[in-house]
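So you can see what is in the structure, the chains are spelled out below.
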Amino acid sequence: MVEAANVCHHLEKIHFGNVSDQGLHILATHIKDNTGLRTIKFEGQAAMPWSADVQQELALVVKDHTQIEKVKFDTFEDDLPRNKTFEKELKFYCKKTAGIHKKHKKFRKRLEK
């Protein structure tokens, strides 16, 4: 599914469904080259919670390699500190990327005038 999203550059939103720890790792490694996605959504599985290493890997990919402006996810263990930290990191990086996109959009509008 991630590879299909990488090929179709016009896709801006995608819902990956239930994602295991290994699935989150695959998502992080394959989404690096994507330039079209702006919003991704996924859920965790109660039987296979995400490890802190994989969460950090996805956060670094969102920070350095993508144009993603919004990440929505649900976990079964929302009260864990690592899940809260993961959520804060993703929001921070996505907000930063959205701000950059907003500046570019304003600049293009000024050029058109």
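Before any of the text, the structure's been laid out above.
This structure is a prediction, so every number in the text was calculated from the model and none was measured.

Each value, and the rule that gives it
Residues numbered from 1 in each chain as written. Predicted model: local features only at pLDDT ≥ 70, side-chain atom pairs only at ≥ 80, totals over all residues. Heavy atoms only, no water. Buried < 20%, exposed > 50% of the residue type's maximum accessible area, 1.4 Å probe, protein only. Helix = DSSP H or I, 4+ residues; strand = E, 2+ residues; numbered from the N terminus. Pairing = 2+ DSSP bridges. Right-handed = clockwise from strand over helix to strand, strands pointing away. Phe/Tyr/Trp six-rings, centres within 6.5 Å; stacked < 30°, edge-to-face > 60°. Axes fitted to C-alpha atoms, helices over the stretch in contact; angles between N-to-C directions. Contact = heavy atoms within 4.5 Å.

K.L.:
Before we go on, may I ask you to explain the pairing of strand S2 (residues 39–44) in this structure?
P.N.:
Along a regular strand, successive side chains alternate from one face of the sheet to the other. Most of S2 sits inside the fold, with 5 of its 6 residues counted as buried. Of the strand pairs in this sheet, strand S1 (residues 13–19) and S2 are connected by 5 bridges, and their pairing is parallel. Bridge pairing links Val19 to Gly44 in S2. Handedness of the S1-helix H2 (residues 21–30)-S2 crossover: right-handed. One ladder, built from 5 bridges, connects S2 with strand S3 (residues 70–74); its direction is parallel.

K.L.:
Explanation requested: the packing of aromatic side chains in the structure shown.
P.N.:
To describe a pair of aromatic rings, one takes the distance between the centres and the angle between the planes. In this structure the tally under the stated criterion is 6 aromatic pairs. Their ring planes at 65° and their centres at 5.5 Å tell us that Phe42 and Trp50 sit as a pair that is edge-to-face. Considered together, Phe42 and Trp50 belong to a single accessibility category, that of buried residues. Judged by centre distance (5.5 Å) and plane angle (65°), the rings of Phe92 and Tyr93 are edge-to-face. Members of the aromatic cluster, joined through ring pairs, are Phe42, Trp50, Phe73 and Phe86.

K.L.:
Where do I start with the pairing of S3 in this structure?
P.N.:
Residues Val71 and Phe73 point to one face of S3 and are all buried, whereas Lys70, Lys72 and Asp74, pointing to the other face, are not buried. Assessed by its sense of winding, the connection that carries the chain from S2 through helix H3 (residues 52–64) to S3 is right-handed.

K.L.:
Can you help me understand the sheet that holds S2 in this one?
P.N.:
Within a beta sheet, neighbouring strands are joined by backbone hydrogen bonds and run either parallel or antiparallel to one another. Across the sheet, 3 strands lie side by side as S1-S2-S3; this open sheet has parallel pairing. In this open sheet, the two edge strands, each paired with only one partner strand, are S1 and S3. Each strand of the sheet is rotated relative to its neighbour by a mean of 15°, with strand direction disregarded. Where H2 meets the sheet, its contacts fall on S1 and S2, and the angle it forms with S1 comes to roughly 150°.

K.L.:
Any chance you could explain the side chain of Thr97 here in plain terms?
P.N.:
Take Thr97: it is sitting in helix H4 (residues 81–112). The residues contacting Thr97, other than those within four sequence positions of it, are Thr66, Gln67 and Ile68.

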